[in-house]
Amino acid sequence: MLKCRTVWKKLAPLARDSSTLCRQDVRRAGLNNGSAVRVPAAHMSSGSAGGGGENKLYVLLVGAACLGGGIYAYRTVKGDQQRYMERMAEISSRPHKAASQKTAVPAQSEPPAAAATETGTVPEPKPGAAPSPEEPSPAAPGAEAAAPSETTEPPPVDSTPASTKVPSHAPYLLIGGGTASFAAARSIRARDPGARVLIITNEPDLPYMRPPLSKELWFSDDPSVTETLRFKQWNGKERSIYFQPQSFYIQPEELNSAENGGVAVLTGKKVIHMDVRGNKVKLDDDTEILYDKCLIATGGVPRNLQAIERAGEKVTKRTTLFRKIEDFKSLDKVSRNAKSITIIGGGFLGSELACALGRRSADFDLEVIQMFPEKGNMGKVLPEYLSNWTTEKVKKEGVKIISEALVKSVTYKDDKLEIQLKDGRLVKTDHIVAAVGLEPNVDLAKSAGLEVDSDFGGFRVNAELQARSNIWVAGDAACFYDIRLGRRRVEHHDHAVVSGRLAGENMTGASKPYWHQSMFWSDLGPDVGYEAIGIVDSSLPTVGVFAKATAKDTPKAATEKSGTGIRSESETEDTAVSPVASSTPAPAVEQQRDNYGKGVIFYLRDKVVVGIILWNVFNRMPIARKIIKDGEEHADLNEVAKLFNIHED
Amino acid sequence: MSSVREEGKDQIIFVTKEDHATPSSAELIEEDPSDPYEQQGLILPSGEINWNCPCLGGMASGPCGTEFKDAFSCFHYSKEEVKGSDCLEQFRAMQECMQRYPELYPQEDEKVPQEQLSETEQTTQETLDTNSTSNIELDSNTTQPNTDSSVES
């Protein structure tokens with residue numbers, strides 16, 4: 001301002017002079033015709049220098065300079081304004097291009113509202129277009145020019161319906177739509193009234209339970225079971241594998257408006273990036289969702305054998321990695337058409353599928369082979385004597401067992417798959433089911449900055465299942481600290497339920513550690529049904545206490561006890577007649593000794609019981625849980641076994 | 001007589017019914033009913049309702065969760081002679097809500113909620129470990145016969 005004043009002060013006399021000069025020129029010009037005498041006087045009084053010609057030139061120069069300056073200034077200002085308008089238009093159209101469906105749809109469905117946001121009067125929470133609302137607000141005129149262009153631009157049809165469904169903020173965000181996630185959702189809703197929970201899953205299905213996929217669904221009499229996915233429970237009642245039907249959930253777009261909140265499931269979407277500082281995640285369609293509390297329950301992906309992976313498309317096309325509903329459906333179809341199926345893997349999943357398919361083998365003229373590196377089924381879980389005994393039972397289900405088998409290579413030849421084993425054996429089959437373990441899904445670890453455990457895999461969390469502030473992990477993907485049993489990672493259904501529920505409790509303010517020990521179970525044929533708890537690792541020393549078989553302990557009794565559908569009546573009559581007698585010519589006492597009909601097996605670590613299997617003995621899990629929780633050293637485990645009352649029903 | 005056998009690191013014991021007839025000498029640590037870590041039953045030590053009890057199934061978390069909580073809370077704290085007689089409004093609201101979701105709340109349970117709730121209260125107050133003795137059929141356990149597990153359906 002001062003500068004202006006000084007400049008003005010300097011220019012003022014000049015201006016006065018030039019204006020006087022102009023006037024004098026005019027007068028001179030005008031009076032040249034008249035009297036020239038009066039002019040000199042006037043001229044003199046102004047006091048400015050220079051003769052007439054010089055003055056003219058001077059005036060001309062100054063005038064020209066002023067004019068030039070004025071024109072330049074005007075053009076610059078106008079140009080700047082123009083550029084500014086263009087920039088604003090460009091910026092407001094950018095989110096439109098990047099996610100054109102989002103701005104276009106609200107623009108289409110609520111044109112006045114869209115115009116309002118463009119003018120910046122109302123900060124509307126536009127789905128996913130978080131950055132754009134701020135920018136258009138200052139450029140009112142420019143934006144108005146931009147808005148009509150946005151509304152007229154046609155959005156891509158396919159993404160339009162998806163975009164409307166995604167809320168931009170979810171107080172409780174659960175990544176993964178499996179058992180742990182559902183258990184957490186239920187827990188959160190129970191404890192936080194009106195909670196709004198959003199589940200994001202990359203599967204097309206609502207949350208469902210996995211155990212029936214390898215057990216009950218295979219034993220259903222219903223021919224449409226692959227569509228209904230319903231099975232009969234132990235109490236005779238039928239239910240679906242889905243935890244809840246569609247009506248239980250609310251639509252994602254209703255999440256923030258529903259009066260009492262609810263659980264919404266977003267299917268077919270994958271979370272690809274997690275910004276922990278910003279408390280938000282990004283989906284595979286570039287949508288961003290803010291969260292307050294987040295649960296990672298991403299489960300895992302079935303492992304594959306290297307031999308199969310490098311064998312080429314013809315082999316991988318004929319291989320099933322069993323985990324999801326679609327795998328069940330495709331394997332069901334295969335089992336009806338193929339002549340031979342080979343299951344690689346001798347653990348829970350492999351053995352259960354082998355038994356399920358073995359049962360079908362008679363009806364469908366199907367050869368079922370199961371191969372694994374261990375000596376017997378469940379070789380890593382059961383002590384050797386029991387594993388061998390179980391293997392014999394699995395064989396009776398119609399399965400051809402190839403034990404101590406290490407796969408070297410797999411090739412496709414003459415419309416058959418040829419599995420070459422390292423010891424030289426060759427197995428020819430139509431289809432392979434690989435049940436060789438689960439790779440926990442830790443894709444988000446990098447972007448979220450979460451620790452991954454190198455011993456067990458999975459996200460490393462503390463005893464309260466927390467990874468970092470506001471982030472919890474539950475289910476198969478969680479490597480957690482178990483106060484009693486040490487750090488571990490558990491891949492069982494009940495653990496997913498227990499850990500999911502616990503995570504939900506802790507997300508709603510509780511600070512409870514993992515304490516209620518989860519259990520697991522398996523059924524392999526009419527004679528083998530067991531429940532287990534804790535660390536059940538065959539490398540640990542074990543003490544097994546079995547009931548001496550009496551006439552009353554028939555497999556049929558066990559059938560009724562366990563009540564699962566797989567123990568068909570006809571089969572039990574058969575096996576009851578000739579258990580081990582035919583194979584061993586030993587006296588009756590020996591026969592009874594080797595009949596592990598029912599009992600309890602204790603797994604010890606430093607003389608403390610860390611795991612228990614209830615072998616064909618049911619409804620005693622609370623006692624087992626108590627023993628593990630106590631963590632005491634018991635001198636005589638036979639005395640502990642008495643607590644289970646194994647001779648009773 | 002029991003027979004004992006060793007197979008490497010594994011010990012195998014066969015016992016008859018008589019062998020196990022005498023009481024066990026194994027000692028178990030006494031339970032603390034107010035242990036905060038433990039999975040609680042329907043009623044917490046403080047007297048409040050544990051909405052997260054597995055025995056309730058999905059009742060407190062579903063679309064009618066709020067109505068259910070209101071009705072059951074009212075019932076639980078009711079001091080009337082006929083327990084819950086002052087809660088008819090809440091129960092009506094709950095039934096109304098449930099009727100809108102026949103898939104989730106099968107119609108035969110219409111009259112049952114109030115009776116079932118009083119049953120639940122009695123049985124769970126009697127037992128320490130509610131997991132194994134819940135007789136509510138709201139959301140029955142899934143596959144294994146042992147209702148003890150915390151399986152959610």
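What you are looking at is a predicted structure, and each value in this text was computed from that prediction instead of being measured. (Residues numbered from 1 in each chain as written. Chains lettered and ligands numbered in written order. Predicted model: local features only at pLDDT ≥ 70, side-chain atom pairs only at ≥ 80, totals over all residues. Heavy atoms only, no water.)

**Student:** How should I be thinking about the overall build of chain B in this particular structure?
**Tutor:** Assigned secondary structure in chain B consists of three helices and two strands. Counting the 153 residues in chain B, one finds 46% classified as buried. Across chain B, every contact between residues at least 6 apart in sequence was considered, and the portion connecting residues at least 24 apart equals 35%. When the accessible surface of chain B is split by element, carbon and sulfur atoms take 50% of a total near 8,000 Å². (Helix = DSSP H or I, 4+ residues; strand = E, 2+ residues; numbered from the N terminus. Buried < 20%, exposed > 50% of the residue type's maximum accessible area, 1.4 Å probe, protein only. Contact = heavy atoms within 4.5 Å. Areas by Shrake-Rupley, 256 points an atom, 1.4 Å probe, with all protein chains shown as cover.)

**Student:** Any chance you could explain the interface of chain A and chain B here in plain terms?
**Tutor:** If you look at the interface, chain A gives 79 residues, while chain B gives 63 residues. In total, about 6,200 Å² of surface goes out of reach between chain A and chain B, with carbon and sulfur atoms giving 51% of it. The largest per-residue losses of area from chain A upon contact with chain B belong to A:R186, A:R501 and A:K642, which jointly make up 11% of the total buried on that side. Between the two partners, chain A and chain B, sit four salt bridges. Between B:K17 and A:E648 there is a salt bridge, with the nearest N and O atoms lying 3.5 Å from each other. Seen at the junction of chain A and chain B, the total is 31 residue pairs in polar contact (both at pLDDT 80 or more). When residues of the side of chain A that touches chain B are assigned to their parent elements, the largest contribution, seven residues, is made by helix α20 (residues 621-630) of chain A. For the side of chain A that touches chain B, the class distribution of residues is 34 nonpolar, 20 polar and 25 charged. Summarising the sheet, strand β26 (residues 542-547) of chain A and strand β2 (residues 10-15) of chain B pair through five bridges and their orientation is parallel. The residue of β2(B) that forms the bridge with A:F546 is B:F14. (Buried area = accessible area lost by both parts, 1.4 Å probe. Salt bridge = Lys/Arg side-chain N within 4 Å of Asp/Glu carboxyl O. Polar contact = N/O pair within 3.5 Å; in protein donor to acceptor, adjacent residues only side chain to side chain. Nonpolar A, V, L, I, M, F, W, Y, C, P; charged D, E, K, R; others polar. Pairing = 2+ DSSP bridges.)

**Student:** Help me understand the sheet that holds strand β16 (residues 426-429) of chain A in this model?
**Tutor:** Strand pairing in a sheet relies on backbone hydrogen bonds, with the paired strands running either antiparallel or parallel. Residue and element names in this part refer to chain A. Sheet architecture is open: three strands sit in the order β14-β15-β16, paired in antiparallel fashion. At either margin of the open sheet sits one strand with a lone partner, and together these are β14 (407-413) and β16. Put simply, the sheet's adjacent strands are angled 20 degrees from each other on average, direction ignored. Inspection of the sheet shows β14 paired to strand β15 (residues 416-421) by six bridges, in the antiparallel sense. Note on β15: the bridge partner recorded for V407 is L421. (Axes fitted to C-alpha atoms, helices over the stretch in contact; angles between N-to-C directions.)

**Student:** Could you clarify how one ought to interpret helix α2 (residues 88-99) of chain B in this entry?
**Tutor:** Since one α-helical turn is 3.6 residues long, residues separated by three or four positions face the same way. All names here are of chain B. Taking 1.5 Å of rise per residue, the twelve residues of α2 would be expected to cover 16 Å, and the 16 Å separating its terminal C-alpha atoms lies within 8% of that figure. Turning to α2, its buried residues number three or more, namely F91, M94, C97 and M98. When α2 is viewed along its axis, its buried side chains cluster within an angular range of 125 degrees and face the same direction. More than 90 degrees from the buried face of α2, the exposed residues found are E89 and E96. (Expected span 1.5 Å × (residues − 1). Arc of directions from axis to C-beta.)

**Student:** I'm lost on the confidence of the model for chain B in this one. Help?
**Tutor:** Caution is warranted with low-pLDDT regions, since their predicted coordinates should not be read in detail. Residues and elements named next belong to chain B. When pLDDT is averaged across chain B, the result is 74; 69% of the residues are at 70 or more. Within chain B, no element has a lower average pLDDT than helix α3 (residues 112-126), which sits at 50, and none a higher one than β2, at 94. Across residues 109-113 the pLDDT falls below 50, and counting only partners more than four positions away or on other chains, this stretch makes three contacts in the model. Within the model, the stretch residues 123-153 combines pLDDT values under 50 with 100 contacts to residues more than four positions away or in other chains. Prediction confidence for the complex, expressed as pTM and ipTM, is 0.72 and 0.78 respectively. (pLDDT = per-residue confidence, 0-100.)

**Student:** Is there a simple way to think about a negative patch on the surface in this case?
**Tutor:** Taken together, the side chains of A:D606, A:E632, A:E633 and B:E27 make up a negatively charged region of the molecular surface. Its place among the elements puts A:D606 in the loop between β27 (599-605) and β28 (608-615). (Patch = residues over 30% accessible without salt bridge, like charges linked within 9 Å, V, L, I, M, F, W, Y side chains within 5 Å. Lys, Arg positive; Asp, Glu negative; His and termini not counted. Charge placed at Lys NZ, Arg CZ, Asp CG, Glu CD.)

**Student:** Would you mind showing me how to read the environment of A:R310 here?
**Tutor:** Within the element layout of this structure, A:R310 appears in the loop between α10 (306-309) and α11 (313-316). It is 14 Å that separates the C-alpha atoms of A:R310 and A:Q420, two residues lying 110 residues apart in sequence.

**Student:** Can you walk me through α20(A) in this structure?
**Tutor:** All names here are of chain A. Among the ten residues that make up α20, eight are buried, leaving the element largely enclosed by the rest of the structure. Along α20, the positions that sit buried rather than exposed are M621, A624, R625, K626, I627, I628, K629 and D630. Each element contacted by the buried residues of α20 is listed here: β24 (519-523), β25 (529-534), β28 and α21 (637-642). Just beyond α20, the residue with positive phi is G631, at close to 60 degrees.

**Student:** Where do I start with unusual backbone geometry in this structure?
**Tutor:** Trans peptide bonds make up the majority, and among non-glycine residues the majority have a negative phi. All names here are of chain A. A positive phi angle, near 55 degrees, is found at M378, a position not held by glycine. Among the secondary structure elements, M378 is positioned in the loop between β12 (367-371) and α14 (384-396). The phi angle at L465 is positive, at roughly 65 degrees, despite the residue not being glycine. Along the chain, L465 falls in the loop between β19 (459-460) and β20 (466-468). A relative accessible area of 0% places L465 in the buried class.

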